[in-house]
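Listed here are the chains, written in short residue letters.
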Amino acid sequence: MKKKLWHVCIILYVLLSVFITTCLLMYNEYNVTEFGNKILVMVENDTTGEFQKGDLIIATKNKDYKKDDYVFYYISREKNYFINYGLIESEKNDAVVINSDVIDKKEVIGTTKNAIVIPTVGSILSLLESKWGYLCVIILPILIAFLYEVYSIARELKGKK
């Protein structure tokens, strides 16, 4: 029974490691995880709307938005990009006005109607994708397992002499 539980833990750890590594490899030019037309948005601050700090939002990229739609969009601050959401007030040529800011249409992700919200998972994913989180949860256990295997092989070879 203990051996079976141990195998299940290892399988879960491997799946988690593969998922986190894939999320990091799928970063787009805005440093946000993007799987095809799905974008993983982690809510990092308290908002006054329907999303809470720590939520994971799976937003679908689309261009089917119009005036009075709530949309997700990229904003730039000091060479860093963040995702915000707001109401489209009007449209102008290649831009839209959202929350009184003029945003290029290519920086609009999609509407909030199609979004899937998963509470608290955003905080966990954000922690695991951080450099210290990835180091502690993924790299160090793999390094320890590798060193243990090298030690076991060395001990076995020493015993055969």
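Calculation criteria
Residues numbered from 1 in each chain as written. Predicted model: local features only at pLDDT ≥ 70, side-chain atom pairs only at ≥ 80, totals over all residues. Heavy atoms only, no water. Pairing = 2+ DSSP bridges. Helix = DSSP H or I, 4+ residues; strand = E, 2+ residues; numbered from the N terminus. Axes fitted to C-alpha atoms, helices over the stretch in contact; angles between N-to-C directions. Buried < 20%, exposed > 50% of the residue type's maximum accessible area, 1.4 Å probe, protein only. Core = buried A, V, L, I, M, F, W, Y, C linked by side-chain atoms within 4.5 Å. Contact = heavy atoms within 4.5 Å. Arc of directions from axis to C-beta.

Quick notes on the sheet that holds strand 6 (residues 95–98)
Piece 1. Judged by pairing direction, the sheet is antiparallel, and its five strands sit side by side in the order 7-6-5-4-8 without closing on themselves. Of all the strands in the sheet, the pair left with one neighbour each is strand 7 (101–104) and strand 8 (108–111). Sheet twist, expressed as the mean angle between neighbouring strand axes with direction ignored, is 50 degrees.

Considering unusual backbone geometry
Piece 1. At Asn31, a residue that is not glycine, the phi angle is positive and equals roughly 60 degrees.
Piece 2. You can see Asn31 is positioned in the loop between helix 1 (2–25) and strand 1 (34–35).
Piece 3. Of the residues examined, Asn31 reaches a relative accessible area of 57% and is grouped as exposed.
Piece 4. Phi is positive for Thr120, which is not a glycine, with a value near 60 degrees.

Focus on the nonpolar core
Piece 1. Core analysis: the largest hydrophobic core is formed by 13 residues, its most contacted members being Ile39, Phe51, Ile57, Phe72 and Tyr74.
Piece 2. Dropping the residues within four chain positions of it, Ile39 is found in contact with Val32, Thr33, Glu34, Ile57, Ile58, Ala59, Lys61, Tyr74, Ile83 and Ile109.
Piece 3. One finds Leu40, Leu56, Leu128 and Tyr134 within the second-largest nonpolar core, a separate group that totals 10 residues.

Quick look at the side chain of Asn62
Piece 1. Mapped onto the fold, Asn62 is located in the loop between strand 3 (56–60) and strand 4 (70–77).
Piece 2. Looking at Asn62, the relative accessible area reads 17%, which means it is buried.
Piece 3. Once residues within four sequence positions are removed from consideration, Asn62 is found in contact with Ile109, Gly110, Thr111 and Asn114.

Details of the sheet that holds strand 1
Piece 1. Pairing is antiparallel in the open sheet, where four strands are placed in the order 1-2-3-9. Looking at which strands have only one partner, the edges of the open sheet turn out to be strand 1 and strand 9 (116–118).
Piece 2. As defined by bridge partners, strand 1 adjoins strand 2 (residues 38–42) across two bridges and the pair is classed as antiparallel. Directly across from Glu34, in strand 2, lies its bridge partner Ile39.
Piece 3. Against the sheet, helix 2 (residues 121–129) engages strand 2, strand 3 and strand 9, with an angle of about 95 degrees to strand 2.

Re helix 2
Piece 1. For helix 2, the full list of buried residues reads Gly122, Leu125, Leu128 and Glu129. Seen end-on, helix 2 carries its buried residues on one side only, within an arc spanning 130 degrees. Of the residues in helix 2, the exposed ones pointing more than 90 degrees away from the buried face are Ile124 and Leu127.
Piece 2. In this fold, the buried residues of helix 2 make contact with helix 1, strand 2, strand 3, strand 9 and helix 3 (131–160).

None of the figures reported here should be taken as evidence of function without further support.
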